[in-house]
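Descriptive analysis of the structure
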Amino acid sequence: MNAPTLHPAPEFEVSGWLNAAGPVSLASLRGRVVAVYAFQMLCPGCVAHALPQAKQLGQHFGRNELAVLGLHTVFEHHEAMNEAALAAFLHEYRIEFPVGVDRPGEDGPIPRTMERYRMRGTPTLLLFDRQGVLRHSLFGHLPDLQVGALIGRLLAEPEPGEACDDGGCRIPGGS
């Protein structure tokens, strides 16, 4: 039986990026594992647990191996959580990784990326493998050890273009 073919996840629908020199795309991050923390500024679990965890990941894993992103996805209190307030929040909490601003929903309060990825709320952690395939969508607070183990497994997978057998994985053409 053949294994199912996994396809890269769709891009985020954002109105802009903060803490980034320009637009950030999942396609531009291929070759790295990507951790995306979907959050709201007024979400206690996001502020107390998810965002500090995201900052720690960025400090403990090499940027060439793991890309950490934020996605500000607002489904309540829209008036209070505008881009200017978000910029001040990121400054005050010393969040330096890129943060996308999820586009408002067309037919209701649920933002577009949140709906596209079928998120249940915030915080949500999305983990993508090196090929840009969504491997985990995890709602709520997760212990650091659990998140580290999931990321470690993704980092241990062969990179695109590596040949693998029972003896290990090697880059084609390498000795």
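One structure accompanies this document, and this report is about it. Keep in mind it's a predicted model, so treat the numbers as computed, not measured.

The next subject is the packing of helix α1 (residues 44-60) against helix α4 (residues 144-156). The relative placement of two packed helices comes down to the angle between their axes together with the axis-to-axis distance. Where α1 meets α4, the closest approach of the two axes is 11 Å, and the angle between their N-to-C directions is 45 degrees. One finds that α1 runs oblique with respect to α4. Considering how the two elements wind past one another, α1 and α4 form a crossing that is right-handed. From α1, Q53, Q56 and L57 reach across to α4, where they touch D144, V147 and I151. Residues belonging to the contact of α1 with α4 are distributed by class as follows: three nonpolar, two polar and one charged.

Bringing the sheet that holds strand β6 (residues 134-139) into the picture now. An order of β1-β4-β3-β2-β5-β6 is seen for the six strands of this open sheet, with the pairing classed as mixed. Each edge of the sheet is formed by a strand with only one pairing partner; in this case those strands are β1 (14-18) and β6. Within this sheet the neighbouring strands show an average axis-to-axis angle of 20 degrees, counted without direction. As defined by bridge partners, β1 adjoins strand β4 (residues 99-102) across three bridges and the pair is classed as antiparallel. Opposite W17, over in β4, you have G100 as the bridge partner. Strand contacts of helix α2 (residues 83-92): β1, β2 (33-39), β3 (66-72) and β4, with the helix running at about 30 degrees to β1, the strand carrying the most contacts.

Leave glycine aside and you will find that most residues have negative phi; peptide bonds, for their part, are mostly trans. For the peptide bond that leads from T122 to P123, omega is -5 degrees, which places it in the cis range. If you trace the backbone, P123 turns up in the loop between α3 (112-116) and β5 (124-128). At R94, a position not held by glycine, the phi torsion is positive, near 55 degrees. Mapped onto the secondary structure, R94 falls in the loop between α2 and β4.

For the rest of this paragraph, the subject is the packing of aromatic side chains. With the rule as written, the count across this model stands at five aromatic pairs. Measuring from ring centre to ring centre gives 6.3 Å for F39 and F89, while their planes differ by 25 degrees; the resulting arrangement is stacked. Taken together, the residues span a long stretch of sequence, with F39 in strand β2 and F89 in helix α2 at a distance of 50 residues. The two residues F39 and F89 agree in class, both being buried. Ring geometry for Y117 versus F128: centroids 6.1 Å apart, planes at 85 degrees, classification edge-to-face. Of this pair, Y117 sits in the loop between α3 and β5 while F128 sits in strand β5, and the two are eleven residues apart along the sequence.

Turning to α2, a few remarks are in order. Each full turn of the α-helix corresponds to 3.6 residues, which orients residues three or four apart in the same direction. Listing the buried residues of α2 in full gives L86, F89 and L90. All buried residues of α2 fall inside an arc of 95 degrees around its axis, so they share one side. Exposed residues lying more than 90 degrees from the buried face of α2 are A84, H91 and E92. At its buried positions, α2 is contacted by β1, β2, α1, β3 and β4. The N-capping residue of α2, defined by a side-chain oxygen 3.1 Å from the backbone nitrogen of A84, is N82. With its phi angle positive at about 55 degrees, R94 sits one or two positions after the end of α2.

Relative to the assigned elements, T124 resides in strand β5. Within the structure, T124 has its side chain in polar contact with the backbone oxygen of G121 (distance 2.6 Å). Leave out the neighbours within four places in its chain, and T124 touches V36, Y37, A38, M119, S137, L138 and F139.

Reading the values: the criteria
- Residues numbered from 1 in each chain as written.
- Predicted model: local features only at pLDDT ≥ 70, side-chain atom pairs only at ≥ 80, totals over all residues.
- Heavy atoms only, no water.
- Axes fitted to C-alpha atoms, helices over the stretch in contact; angles between N-to-C directions.
- Helix = DSSP H or I, 4+ residues; strand = E, 2+ residues; numbered from the N terminus.
- Parallel < 35°, antiparallel > 145°, perpendicular 65-115°, else oblique.
- Left-handed = near helix turned anticlockwise from the far one by under 90°.
- Contact = heavy atoms within 4.5 Å.
- Nonpolar A, V, L, I, M, F, W, Y, C, P; charged D, E, K, R; others polar.
- Pairing = 2+ DSSP bridges.
- Phe/Tyr/Trp six-rings, centres within 6.5 Å; stacked < 30°, edge-to-face > 60°.
- Buried < 20%, exposed > 50% of the residue type's maximum accessible area, 1.4 Å probe, protein only.
- Arc of directions from axis to C-beta.
- Polar contact = N/O pair within 3.5 Å; in protein donor to acceptor, adjacent residues only side chain to side chain.

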